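Take a look at the letters that make up each chain.
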Amino acid sequence: MQDIEVPDSPGESDQALIQRTAAGDREAFATLYRRHQGAVYRFARLMTGSAATAEDVVQEVFLALMKDAARYDAGRAALTTYLFGMARRVTRRRLLRERRFVEINVSDGALDRAPNASEALERSDTLQRLRDAILSLPSRYREVVVLCDLEGVTYETAAASIGCAIGTIRSRLHRARQLLATKLRRADGRCTGTRAVMRCAV
Amino acid sequence: MTNPDQNLSALFDALRHAESDDSAPPHVESAVMKAWDASHAPAVSSVRVTAASWVASLAAAAVLAIGLTVVGGRLRSAAVVTPSLVAEAPTVILVGEPVRDGEQIRLVRMRMPASALHTLGVTSTAALQGDVDIDVIVGEDGVARALSLNP
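Novice: Would you mind going over the overall build of chain B with me for this structure?
Specialist: Regarding its fold elements, chain B presents 3 helices and 4 strands. Reading chain B from its N end, one meets helices and strands in the order α-α-β-β-α-β-β. By residue count, 23% of the 151 residues in chain B fall in the buried class. Within chain B, counting contacts between residues at least 6 apart in sequence, those at least 24 apart form 54% of the total. If you sum the accessible surface of chain B, you get close to 10200 Å²; carbon and sulfur atoms cover 64% of it.

Novice: Looking at this model, I keep getting lost on the pairing of strand β3 (residues 131-138) of chain B. Mind explaining?
Specialist: Looking along a regular strand, one sees the side chains alternate between the two faces of the sheet. Residue and element names in this part refer to chain B. Of the strand pairs in this sheet, strand β2 (residues 106-113) and β3 are connected by 8 bridges, and their pairing is antiparallel. Residue pairing across strands places L107 opposite I137, the latter belonging to β3. With 6 bridges joining them, β3 and strand β4 (residues 144-150) adopt antiparallel strand pairing. Bridged to D135 within β4 is S148. Turn length for the β3-β4 hairpin, with the two strands adjacent in sequence and antiparallel, is 5 residues, and the turn residue G142 shows positive phi of about 85°.

Novice: Could you clarify how one ought to interpret the interface of chain B and chain A in this entry?
Specialist: You'll often see interface size given as the accessible area lost when the parts meet. Counting residues at the interface gives 28 residues for chain B and 39 residues for chain A. Roughly 3000 Å² is buried in total at the junction of chain B and chain A, and carbon and sulfur atoms are behind 69% of that figure. Between R26 of chain A and D37 of chain B there is a salt bridge, and its shortest N-O distance comes to 2.6 Å. If you look at where chain B meets chain A, you find 11 residue pairs in polar contact (both at pLDDT 80 or more). Of all the secondary structure elements, the ones that give two or more residues to the side of chain B that touches chain A are α1 (4-19) and α2 (26-86) of chain B. Of the residues in the side of chain B that touches chain A, the class split is 15 nonpolar, 7 polar and 6 charged.

Cut-off values and rules
Residues numbered from 1 in each chain as written. Chains lettered and ligands numbered in written order. Predicted model: local features only at pLDDT ≥ 70, side-chain atom pairs only at ≥ 80, totals over all residues. Heavy atoms only, no water. Helix = DSSP H or I, 4+ residues; strand = E, 2+ residues; numbered from the N terminus. Buried < 20%, exposed > 50% of the residue type's maximum accessible area, 1.4 Å probe, protein only. Contact = heavy atoms within 4.5 Å. Areas by Shrake-Rupley, 256 points an atom, 1.4 Å probe, with all protein chains shown as cover. Pairing = 2+ DSSP bridges. Buried area = accessible area lost by both parts, 1.4 Å probe. Salt bridge = Lys/Arg side-chain N within 4 Å of Asp/Glu carboxyl O. Polar contact = N/O pair within 3.5 Å; in protein donor to acceptor, adjacent residues only side chain to side chain. Nonpolar A, V, L, I, M, F, W, Y, C, P; charged D, E, K, R; others polar.

So this is what it looks like as structure tokens:
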């Protein structure tokens with residue numbers, strides 16, 4: 001296999017890279033991959049809770065891009081819209097097929113960044129509870145939270161990726177946040193209760 | 001009491017920050033680029049294969065055309081000869097047991113000198129000269145059931 005050489009053109013637009021990809025430019029495709037794979041990976045992992053599945057999704061999405069590059073119409077949608085839309089389809093198909101979630105086991109770096117260990121541990125626990133709560137949401141709510149609240153995608157892009165109206169994105173996001181807040185309060189209550197018992201025991 | 005939305009936003013920020021560097025591991029990129037190489041490199045060889053296929057197809061077509069021409073010529077010449085042969089009914093010689101009902105038989109077609117037949121004891125063709133076409137009906141047991149002589 002050849003070494004991947006990313007061209008020294010960080011500002012090159014997605015559209016230009018797509019055109020070069022469609023013309024068979026390997027470096028352009030590699031640049032597109034490196035530019036967007038992280039977002040696709042994070043989306044897929046938060047949607048499925050599985051790093052392995054997310055890797056498969058990334059691979060499938062970029063293979064689809066490789067095949068569709070010649071047909072891709074930048075005038076119809078931004079590349080991020082295409083990628084998230086494709087990632088969503090692949091992820092939903094995988095979820096339907098597997099119908100199970102795998103526990104996320106990732107290091108979020110909180111332990112390294114926090115000023116002291118107990119704060120870091122608590123923060124890490126809190127983030128894990130948030131991940132669990134997101135995973136427990138119905139997929140139509142989960143995807144809008146991941147796209148808009150975590151990936152910072154605009155409502156317009158999210159609506160185009162999902163294929164619904166912007167108003168639907170807004171209402172789903174509102175409902176998703178309500179559900180998340182409720183789930184986190186419950187989780188906090190259970191956690192606080194556990195800590196109290198542990199303190200009493202000590 | 002803090003606003004739940006603000007809490008949630010702070011949590012989202014923390015999670016986004018924690019996962020900002022997360023990306024697919026290098027082996028995924030390797031796999032994707034391998035797929036790229038596979039889908040583009042074979043494109044050249046597939047053109048070669050296609051070109052080779054065209055050459056082979058043309059050669060096969062030429063051989064077929066020549067073959068059909070030759071066979072057609074023979075069939076036409078046979079058609080000219082046939083009327084004279086039709087007058088001479090084939091000689092059927094029954095040998096061995098008759099073909100049983102439902103028996104699987106094979107037809108073996110051969111051409112041999114009439115003199116050889118005479119040597120083998122077939123006297124009805126003694127007057128014939130040259131080659132004789134023979135159809136042999138062979139039974140399941142490998143024994144000939146009948147001979148058809150076409151002088």
